[in-house]
Amino acid sequence: MIKEQRKEILRKKKRRRNILIVLALIVLLAAIGTLLVTQVFTVKKVHVVGNELYSDEQIEQIVLSDEYSWSTLYVYLKYRFIHAEKLPFVDTLEVSLQPTSPHELTVEVYEKGILGYLYISSIDQNAYFDRDGFVVETSQEVMGDVPKIEGLTCDSVVLYEKLPFSNDTALKNLLSLTQLLQKYEIPAKRIKYEEVAGTMTVYSGKITILVGTADNLAQKIMRLQYILPQLEGKKGTLHLENWTSETTDIIFDPKKSKKSK
């Protein structure tokens, strides 16, 4: 009987010792984890790629926006598993840890492919559209690198639906023009569309570009990319409206400048 009692006491002591060892290991692992997080996974550098509408500094401020953002591991897990706040004109932000350094993050920005925008008076918002004419964003913000479309109006728009123009030809011509301007990296502040005549005018800096109709549009804009740099610092009207494969003269008239609003 006494022998059995002694065995039970020894078993209890062994269990307590094992429990203490497990607790000690848990505390040790927690301490190591805390040390790793606080000393190793600290943000020292952020690499931003894929951004055009937002600067590197703006993206970095957005990603490191809360009190725990000093930790690269926390920021990575936040954007990996938690729904982050939506950012205007951006589809997604993908955050990854640099494989060579736990102190560095890479933020890949996937912006919405915006070609232009219209002001919609009924909602007091700008409607931004993509290369297919679908509304990808509505906002009171004005993006400086995106041209404003004038001459065509919409009573209302629906996000992620096509611009509701009754004139399909007008939308087709505008999309073609904005895509060509983007392709050849030609800056445009405004594009004016004359619905009755079907003519288009582009305002680029102090130069008013009379594009005319959509006839020979690709050839006109291809030539425009070479002409505009030669007009840097000048003010006037560039005539592309009469350009054809037979009539190739392009006239610049500094006396007929139209001030861009």
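Structural notes, computed from the coordinates. This structure is a prediction, so every number in the text was calculated from the model and none was measured.

So, about a nonpolar patch on the surface. A cluster of nonpolar side chains, contributed by Leu77, Phe81 and Ile82, occupies part of the molecular surface with about 330 Å² of accessible area. Structurally, Leu77 is set in helix α3 (residues 72-81).

A few words on the packing of aromatic side chains. The final tally for this structure, using the stated rule, is three aromatic pairs. For the pair Phe89 and Tyr128, a centre-to-centre distance of 4.7 Å together with 75° between the ring planes defines the contact as edge-to-face. Placement of the pair is Phe89 in the loop between α3 and β2 (90-97) and Tyr128 in strand β5 (residues 125-129), with a sequence separation of 39 residues. Looking at Phe89, the relative accessible area reads 0%, which means it is buried. In this structure, Arg80 is placed above the aromatic ring of Phe81, and the distance from its NZ or CZ to the ring centre is 5.0 Å.

Moving on to the packing of helix α4 (residues 168-183) against helix α5 (residues 217-227). Any two packed helices are characterised by how steeply their axes cross, that is the angle between the axes, and by the distance between the axes. α5 packs onto α4 with a crossing angle of 25° between their chain directions and a minimal axis gap of 10 Å. By the angle class used here, α4 and α5 are roughly parallel. Remark: the crossing between α4 and α5 carries right-handed chirality. Where α4 approaches α5, its residues Asn173, Ser176, Leu177, Leu180 and Leu181 are matched on the opposing element by Leu217, Ala218 and Ile221. Considering only residue class, the contact of α4 with α5 consists of six nonpolar, two polar and no charged.

Procedures and definitions
- Residues numbered from 1 in each chain as written.
- Predicted model: local features only at pLDDT ≥ 70, side-chain atom pairs only at ≥ 80, totals over all residues.
- Heavy atoms only, no water.
- Patch = residues over 30% accessible without salt bridge, like charges linked within 9 Å, V, L, I, M, F, W, Y side chains within 5 Å.
- Areas by Shrake-Rupley, 256 points an atom, 1.4 Å probe, with all protein chains shown as cover.
- Salt bridge = Lys/Arg side-chain N within 4 Å of Asp/Glu carboxyl O.
- Helix = DSSP H or I, 4+ residues; strand = E, 2+ residues; numbered from the N terminus.
- Phe/Tyr/Trp six-rings, centres within 6.5 Å; stacked < 30°, edge-to-face > 60°.
- Buried < 20%, exposed > 50% of the residue type's maximum accessible area, 1.4 Å probe, protein only.
- Lys NZ or Arg CZ within 6 Å of the ring centre and 35° of its normal.
- Axes fitted to C-alpha atoms, helices over the stretch in contact; angles between N-to-C directions.
- Parallel < 35°, antiparallel > 145°, perpendicular 65-115°, else oblique.
- Left-handed = near helix turned anticlockwise from the far one by under 90°.
- Contact = heavy atoms within 4.5 Å.
- Nonpolar A, V, L, I, M, F, W, Y, C, P; charged D, E, K, R; others polar.

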